[in-house]
Structure formats: C-alpha cells, structure tokens
Amino acid sequence: MDYTISYYSDVVQAEILGLPDTLAARYVVLTRRMVVLGPNLGAPHTKAFGDGLFELRLKGTEGIARVFFCTLVAKRIVMLHSFIKKSDKTPLREREIAEARLKEVKDAYA
C-alpha cells in the first residue's frame, strides 16, 4: 500500500506548488518517491528534526527551499509548512510555525 500526502491547509498546498519552477519540479519528484518508498528518503533529501517533525530539502537553480512535514498512522504524510531558504540555518520562526502545526495535526488525530 502506498503512502498518501495531504496538506495542513489549502494555503500551504498553494505555497508549495507556487515555488519557483525547479524547486516545484524537485518537490514533485521527491514526493512521488515518498508515496512509493515512504517518507524517509535519507540524506540529502530528508532530515529529521525530532518529535515527529521532518523536512524535505529542495535544491534548484532558483535556490533552496524546505518543506516541513509529519507522518501519521495509516501511511499518511502531512505537509505542514514551506519556505525559501535564505541563510545557512533554518530560521527559528519557520521551525516554530511547523512545530505549532505539527502539534495541531497530532492533537486532531490523537
């Protein structure tokens, strides 16, 4: 059985699909892989942040983007938040948004 991918909200989905072309193309390629193989694609594609929060790492000619996601029972992957990366470290505010949404999603499915 394949995994399914859903989005925290329609806004999150629109932001991800609205990424610059090479980043959006990379997102499509990696998420197709995730559906078949599962969310752990390993380095350099995914990274675990702990407490069930993960990031999908996108790189293209327009730059670098990150998409935070979590997994739920029944092979479900939920995309929580995305942003274009402009510095070496992930900005704290971006991670806080993802962590708040992660908590909300886990509470809703608990």
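Coordinates for the structure precede this section.
What counts as what
Residues numbered from 1 in each chain as written. Predicted model: local features only at pLDDT ≥ 70, side-chain atom pairs only at ≥ 80, totals over all residues. Heavy atoms only, no water. Phe/Tyr/Trp six-rings, centres within 6.5 Å; stacked < 30°, edge-to-face > 60°. Helix = DSSP H or I, 4+ residues; strand = E, 2+ residues; numbered from the N terminus. Buried < 20%, exposed > 50% of the residue type's maximum accessible area, 1.4 Å probe, protein only. Lys NZ or Arg CZ within 6 Å of the ring centre and 35° of its normal.

K.L.:
Would you explain the packing of aromatic side chains in this entry?
P.N.:
The geometry of an aromatic ring pair is captured by two quantities: the separation of the ring centres and the angle between the planes. The final tally for this structure, using the stated rule, is three aromatic pairs. Pairing Phe-68 with Phe-83 gives two aromatic rings, centres 6.1 Å apart and planes at 25°, and the pair type is stacked. In this pair, Phe-68 sits in strand β4 (residues 63–72) while Phe-83 sits in strand β5 (residues 76–85), placing the two residues 15 residues apart along the sequence. This pair shows no difference in class: Phe-68 is buried, exactly as Phe-83 is. In this structure an aromatic cluster arises from ring pairing among Phe-49, Phe-68 and Phe-83. Looking at Lys-47, its charged tip hangs above the ring of Phe-49, at a distance of 5.1 Å from the centre.

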